[in-house]
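Each chain is listed here by its residues.
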Amino acid sequence: ALGAMRDPDLVRQIGEITANEIRVTGQDWTFAPTIAVVRDDRWGRSYEGYSEEPTLVAQNAAAMVEGLQGKPGSADYLKGGHVLASIKHFIGDGGTDHGVNAGNTTCSEAALRDLFAPAYAAAIKAGAQNVMVSYSSWRGTKMHVQKGLVSDVLVGRMGFPGFVISDFQAIDFVPGCTVSDCPQAANAGIDMFMTANDWRTLYGNLVNETSAGIIPMARVDEAVSRILRVKVEMGLLNAGKPSQRPYAGHYELLGSPEHRAVARQAVRE
């Protein structure tokens, strides 16, 4: 519906409002926007995407990222009333065969580039600092171990400067991995693993595999440096407690009349 508005400026404003309201609750990172190019409406998450048309998705991806994070180079970029965005799910999540969620995308490399990559290029240009990798596969290999696409293309050729995060416990779906053990994903370019109750086991395995040389220390250094650089840019290392940061506790902003007016404008458009 937001894509159908064909109004990136309003999408940018929605991003700004969303960031403000997130900051009120003490959070500084949102797992949005989904910039999938939806090619099969049978996909259960089609509503998360802006369009089936790559250019329209790219325009709105850039607008939402800028709204959430602020403009790169500005004093309040990633600070104040802005939050860290997460562009997802890299790559081809909206193009799986028959629309199967977390399924297999079998398109050609050219189609992957021309259909699904433009939104990432636009979002990176707009300042995106986090990418979440998709549960899905490309040509039968899970994206979480696609080093050629994560490290070589996203980071190398597309120049993504931020850090890469796994989807929630997605490594459990990689053949040969478990929810708490997947050096293949770390070596493919995953900088941060998203997990829950088994994080201690995952941490222990990562330490042991690095000590054994299964995961090169250079890969660990790269991952840590990419995460810390974003934290520094966000000012998190000296920001104090979430409750002491700008906008924290200003609950009058949640669903305020001004914010609701923008929501109604979006519905009308």
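Placed above this text is the structure.
Within each chain, residues carry numbers counting from 1 in the order of the written sequence. Note on the predicted model: pLDDT of at least 70 is required for a residue's local features to be given, and 80 or more for side-chain atom pairs to be given and counted; whole-chain, interface and lining totals, by contrast, use all residues. Processing note: side-chain calculations cover all non-hydrogen atoms of the structure and skip hydrogens and water entirely.

(A) Quick look at the pattern of salt bridges. Salt bridges are counted wherever a side-chain nitrogen of Lys or Arg sits within 4 Å of a carboxyl oxygen of Asp or Glu. Evaluated as defined, the whole model comprises twelve salt bridges. For Arg12, the salt bridge goes to Glu66, with nearest N and O atoms at 3.2 Å. Here Arg12 is found in helix α2 (residues 8–24), whereas its partner Glu66 is found in helix α3 (residues 54–69), with 54 residues between them in sequence. When a residue's accessible area, from a 1.4 Å probe over protein chains only, is under 20% of the maximum for its type it is buried; when over 50% it is exposed; and in between it is partly exposed. Owing to a relative accessible area of 18%, Glu66 belongs among the buried residues under this scheme. Arg245 is the partner of Asp28 in a salt bridge, and the nearest nitrogen-oxygen pair spans 2.7 Å. Here Arg245 lies in the loop between α9 (217–234) and α10 (257–268) and Asp28 lies in the loop between α2 and α3, a separation of 217 residues in the sequence. For the residue pair Asp28 and Arg245, the accessibility class agrees, reading buried in each case. Each helix is a run of H or I in the DSSP string that is no shorter than four residues. Each strand is a run of E no shorter than two, and both are numbered from the N terminus.

(B) Representation of the sheet that holds strand β6 (residues 163–165) within the structure. At least two bridges found by DSSP between two strands is the condition for calling them paired. If you walk across this open sheet you meet the three strands as β1-β3-β6, and the pairing is parallel. In this open sheet, the two strands that pair with only one neighbour each are β1 (87–90) and β6. Ignoring strand direction, the axes of neighbouring strands in this sheet form an average angle of 30°. Pairing of strand β3 (residues 130–133) with β6 involves three bridges; the strand directions are parallel. Pairing of Val131 across the sheet is with Val164, part of β6. Each of β1 and β3 is contacted by helix α5 (residues 118–125), which is oriented at about 150° to β1, the strand it contacts most. In this analysis, axes come from line fits to C-alpha atoms, helices being fitted only over the stretch in contact, and the angle between any two N-to-C directions falls in the range 0 to 180 degrees. By definition in these notes, contact holds between two residues if any of their heavy atoms fall within 4.5 Å.

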